[in-house]
Amino acid sequence: MKRADLKLLQQAQLDDQRHRLHAEAAPDAASASPYFRKWVAEYLEPTIPSLSTREQVLRDIVWPLVSNELVDDISDSAAAVHGAQDRYIAIELSDEELQTDAEQFIEDIDVAGFISQKCHNALFSAPNSLVVVDLPAEQTTDFPEPYVYLLPSDKIVAAEGVDAQAGGRNTSGLLRFAYFDIKQPKRRALFDGENFQVYEKLGGESEWRQLVSVPHGLPFCPAWKLWADVDAGNPLASNTMIRPSLGLLNRYIFWDAAEHSNDLKAAFAQFWHLEEEAKSCGYQAPDGPYCQEGVLLYPGTDTMGNYTPDMAPIKRPCPQCKKRRSRGGPGSGIPIPAPQKKEDADWRVPAGWIDAPIDSLKYIQEKVEKLRAKIRRTATGSEGGPQNQQALNESQIMSILESARQVGDYLAEYFEILHRRILDALLRLRYGNAYLGCTVNYGRRFSVLSGDLLMQLSEMAKKTGSDWLVEEIDNLQQDYYARGDSSRGLRFQMLTDLNPYPYRTPEGLVAGQINVIDPEGYAIAVGLMGYVKRFERENQLPIERFGVLAPYSQRVTTILDAIKEYVTERNPQQTSGNPQGGANSTGSGPSGAAN
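Per chain, residue numbering runs from 1 following the sequence as it is written. Per-residue local features are limited, in this predicted model, to residues with pLDDT of at least 70; the limit for side-chain atom pairs, both in listing and counting, is 80 or more; totals at the level of whole chains, interfaces and linings are taken over all residues. To get the side-chain values, all heavy atoms of the structure are used, and hydrogens and water are removed first.

**Quick word on the overall build of the chain**
- When helices and strands are counted, the chain shows 18 helices and 18 strands.
- Burial statistics for the chain: of 595 residues in total, 43% are counted as buried.
- It only takes one pair of heavy atoms within 4.5 Å for two residues to be counted as in contact. Looking at the chain alone, contacts between residues at least 24 apart form 66% of all its contacts between residues at least 6 apart.
- Approximately 32,000 Å² of the chain is accessible, and the part contributed by carbon and sulfur atoms is 50%. Secondary structure elements follow DSSP: runs of H or I no shorter than four residues count as helices, runs of E no shorter than two count as strands, and numbering proceeds from the N terminus. Burial classification: accessible surface area is computed with a 1.4 Å probe over protein chains only, and a residue below 20% of its type maximum counts as buried, one above 50% as exposed, and the rest as partly exposed. In these tables, accessible area is a Shrake-Rupley quantity obtained with a 1.4 Å probe, and a residue counts as shielded only by the protein chains included in the view.

See the structure below:
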């Protein structure tokens, strides 16, 4: 068996447990990642030594965890990488017939779906998994049928990474070998740079017999890291979008529970009162003793368990009285020792309510909001929406866009590496030297920013008067809403090209006196959607399907000429200098709603 540093593997496996806690929804603590119990033991118990308070906090931790929703939100933002408008993936084989077969094979096993779904989800819940490409035990078809799957890190027995410093990103995430458990009981596989090998366990704990050894002919080990951005100190542990925030996600869970605990104290105030004298509740234990002022008195016994009259009685708390006594917490009562002597007289009222401190409630609420914003900003470059809806200037908007672009480039770069390796392994195993290579470009026309945030940024950019910035955001919006739908993308582009002032608000047009200088253009800009709907109604086709055989510029010109006729028809004086014309709508209002 090949030697490997097991400490590095154990660190990677613990890292996966931490990711899984926040990325994989669990209905309760028992079903959650084992890391939750470790976190409670190593953080929560030392931080909150009071048992009753700690139990209250644990009750206030909701399941699925609040961090699951946040990581889902981050994952959804990152999924935009799989739908870029300029995405391009191609494979090349030496023979046209093989080319057709290979393209069909890739489609049949759905490589793109495997990456965009299973691999994408694993990036957040189990980033240290391995991607394994294997062959069936027997070949029953004309060509081999290689297949790909994900191997969780807890199935890895040993592995060793390739030195990424020598080969850079070309070797980052590749392994010298991987030794792991497979589905068949008492069997393990050993994949390295030369062979597929399978071993079977014999009687002894460390006795294994080789069953299969087959050369694979690949230039790399057919088991490699899912995410090629590996830690500089541990090639078995990957850096991910949420890895820098795993500690903050733990705090997010804790402070969200603290916020709920404080809310309960505000809703169910604690009641303090002067304690009353202990009374007997009348409870009798099954073995005889009655309650005596909250305790059960048992006869004293010696070390042999024999009754001894001289021994002091054994006191045990009455279970009935114990149930009635509050342990503290929301809605509980707090007994205050009553004065016992004349000089201890207390003239305050004998009872009252304890109000929750408002400053504490606000502090914890703000802390939870800031933690969420910081985690999301670290992962995606934005907080998901301008905090407090405050206006942003041009440089602040540009900063958000640039941060999001960097995150998008990072995702595209490493998904391209993963996709390329899968295609190389599958197609070389199937076609040998007839496979010449592939081109994998995930494109860059996508954004990890949400549609809502892009709309907010667009409105703010319009207020800055920066047309180029509005255009930049508008292009991002088109890519976001179109995603992989080329027809929708074309429609968005045509609407932009039909609008003579696509990046101006109606108020901005009036402020710039466009309604005076160019009344026809003003009418088209503010009533465009109404005119487009009329054109589509009359031609019984959406604009993106109109004149599909004609050049794009000719299609836009034809539609625009029709819209200009609508403007003239509705407002004959529109092109003769009427400042307002008839276009009094913003978007799809009456000016575009033709007869």
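Let us keep going from here.
**Quick look at helix α3 (residues 51-60)**
- Residues of α3 that are buried: Arg54, Gln56, Val57 and Asp60. End-on, the buried residues of α3 take up no more than an arc of 160°, which puts them together on one face. It is the directions from the helix axis to the C-beta atoms that the arc portrays.

**So, the packing of helix α14 (residues 486-498) against helix α17 (residues 519-539)**
- Only the stretch in contact is used when a helix axis is fitted, and all axes are lines through C-alpha atoms; the angle between N-to-C directions ranges over 0 to 180 degrees. At their nearest, the axes of α14 and α17 sit 10 Å apart, and the two run at 125° to each other. With respect to their mutual orientation, α14 and α17 come out oblique. Between α14 and α17 lies a crossing whose hand is right-handed. Contacts from Arg491, Leu495 and Leu498 in α14 reach Ile524, Leu528, Met529, Val532, Lys533 and Glu536 in α17. When an angle is under 35 degrees it counts as roughly parallel; over 145 it counts as roughly antiparallel; between 65 and 115 it counts as roughly perpendicular; any other value is oblique. Handedness of a crossing is defined here by the sense of rotation of the near helix relative to the far one, left-handed for an anticlockwise turn of less than a right angle and right-handed for a clockwise turn.

**Focus: the side chain of histidine 419**
- Inspection of the secondary structure puts histidine 419 in helix α11 (residues 394-431).
- When neighbours within four sequence positions are excluded, histidine 419 is seen to be in contact with Arg87, Ile89, Val111, Ala112, Ile115, Val440 and Tyr442.

**Thoughts on the side chain of asparagine 128**
- One can find asparagine 128 in the loop between α6 (111-125) and β2 (130-134).
- Of note is the side chain of asparagine 128, whose polar atom sits 2.7 Å from the backbone nitrogen of serine 238.
- Once residues within four sequence positions are removed from consideration, asparagine 128 is found in contact with Ala12, Asp15, Asp16, Ser153, Ile156, Lys225, Leu236, Ala237 and Ser238. Identification of polar contacts relies on pairs of N or O atoms within 3.5 Å, with a donor-acceptor requirement for protein atoms, meaning one able to donate a hydrogen and the other able to accept it, and with residues adjacent in sequence counted only if both atoms are side-chain atoms.

**Things to note about the sheet that holds strand β9 (residues 223-225)**
- DSSP calls a pair of strands paired once it identifies at least 2 bridges connecting them. Reading across from one edge, β3-β2-β9 is the order of the three strands in this open sheet, with antiparallel pairing throughout. At either end of the open sheet lies a strand with only one pairing partner, and these are β3 (147-151) and β9. Each adjacent strand pair in this sheet contributes to an overall mean axis angle of 25°, direction not counted.
- Sheet strands touched by α11: β2, β3 and β9. Its angle to β2, the strand with the most contacts, is close to 15°.

**Looking at the packing of aromatic side chains**
- Two aromatic rings from Phe, Tyr or Trp, using only the six-membered ring of Trp, form a pair when their centres are within 6.5 Å; if the ring planes differ by under 30 degrees the pair is stacked, by over 60 it is edge-to-face, and anything between is tilted. In total, this model carries 18 aromatic pairs according to the counting rule given.
- Taken together through their ring pairs, the aromatic side chains of Phe36, Trp39, Tyr43, Trp63, Phe254 and Trp255 make up a single cluster.
- To sit over a ring, a charge needs its Lys NZ or Arg CZ within 6 Å of the ring centre and within 35 degrees of the ring normal. Over the ring of tryptophan 255 we find lysine 367; its NZ or CZ atom is 5.2 Å from the centre of that ring.
- Here the guanidinium or amino end of arginine 430 rests over the ring plane of phenylalanine 105, the centre of that ring lying 4.2 Å away.

**Section: the pattern of salt bridges**
- Whenever Lys or Arg places a side-chain nitrogen within 4 Å of a carboxyl oxygen from Asp or Glu, that contact is recorded as a salt bridge. Applying the stated criterion across every chain, the model contains 24 salt bridges.
- Note that aspartate 73 is salt-bridged to arginine 376, the shortest N-O span being 2.8 Å. Placement of aspartate 73 in helix α4 (residues 66-78) and of arginine 376 in helix α10 (residues 358-380) is noted, with a sequence separation of 303 residues between them.
- You can call aspartate 73 partly exposed: its relative accessible area is 26%.
- A residue is classified by how much of its surface remains accessible, and arginine 376, at 4% relative accessible area, is buried.
- Aspartate 409 is paired through a salt bridge with arginine 444; the nearest N and O atoms lie 3.3 Å apart. Separated by 35 residues along the polypeptide, aspartate 409 in helix α11 and arginine 444 in the loop between β18 (435-441) and α12 (451-464) bring together distant segments of the chain.
- Assessed through its relative accessible area of 36%, arginine 444 is described here as partly exposed.
- Each member of the salt-bridge network shares a partner with another, and the members are Glu402, Arg405, Asp409, Glu416 and Arg444.

**Points about the packing of helix α1 (residues 6-23) against α4**
- Two elements in contact, α1 and α4, have axes separated by 7 Å at closest approach and are oriented at 95°. Comparing the axis directions of α1 and α4 gives the class roughly perpendicular. Seen from α1, the contacting residues are Leu21, His22 and Ala23; seen from α4, they are Ser67, Asn68, Val71 and Asp72.

**What to know about the sheet that holds strand β15 (residues 314-317)**
- If you walk across this open sheet you meet the three strands as β13-β14-β15, and the pairing is antiparallel. Every other strand in the sheet has two partners, leaving β13 (291-292) and β15 as the edge strands with one partner each.

**Observations regarding the confidence of the model for the chain**
- Averaged over the chain, the pLDDT score is 85; the fraction of residues at 70 or greater is 84%.
- Per-residue confidence from the predictor is reported as pLDDT, a score between 0 and 100. Scored below 50 in pLDDT, residues 576-595 makes 47 contacts in the model with residues more than four places away or belonging to other chains.

**What about the environment of tyrosine 307?**
- Along the chain, the position of tyrosine 307 falls in the loop between β14 (295-298) and β15.
- Residue tyrosine 307 is classed as exposed on the basis of its relative accessible area of 56%.

**Quick notes on a nonpolar patch on the surface**
- The patches described consist of residues with a relative accessible area above 30% and no salt bridge, like charges being joined within 9 Å and nonpolar side chains (Val, Leu, Ile, Met, Phe, Trp, Tyr) within 5 Å. Together, Leu211, Val212 and Val214 make up an exposed nonpolar region whose accessible area comes to about 190 Å².
- Tracing the backbone through its elements, the reader meets valine 212 in strand β8 (residues 208-215).

**Some details on the environment of glutamate 416**
- Mapped onto the secondary structure, glutamate 416 falls in helix α11.
- Measuring from C-alpha to C-alpha, the distance between glutamate 416 and tyrosine 442 comes to 6.4 Å, with 26 residues separating the pair along the chain.
- Discounting chain neighbours no more than four positions away, the residues touching glutamate 416 are Val440, Asn441, Tyr442, Gly443 and Arg444.
- Within polar-contact distance, the side chain of glutamate 416 engages the backbone nitrogen of tyrosine 442 at 2.8 Å.

**As for the environment of tyrosine 481**
- Mapped onto the elements, tyrosine 481 comes out in helix α13 (residues 467-482).
- On the accessibility criterion, tyrosine 481 (31% relative accessible area) is partly exposed.
- Spatially, the C-alpha atom of tyrosine 481 lies 9.7 Å from that of phenylalanine 446, the residues being 35 residues apart in sequence.
- Setting aside residues no more than four positions away along its own chain, tyrosine 481 makes contact with Gly451, Asp452, Met455, Arg488 and Phe492.

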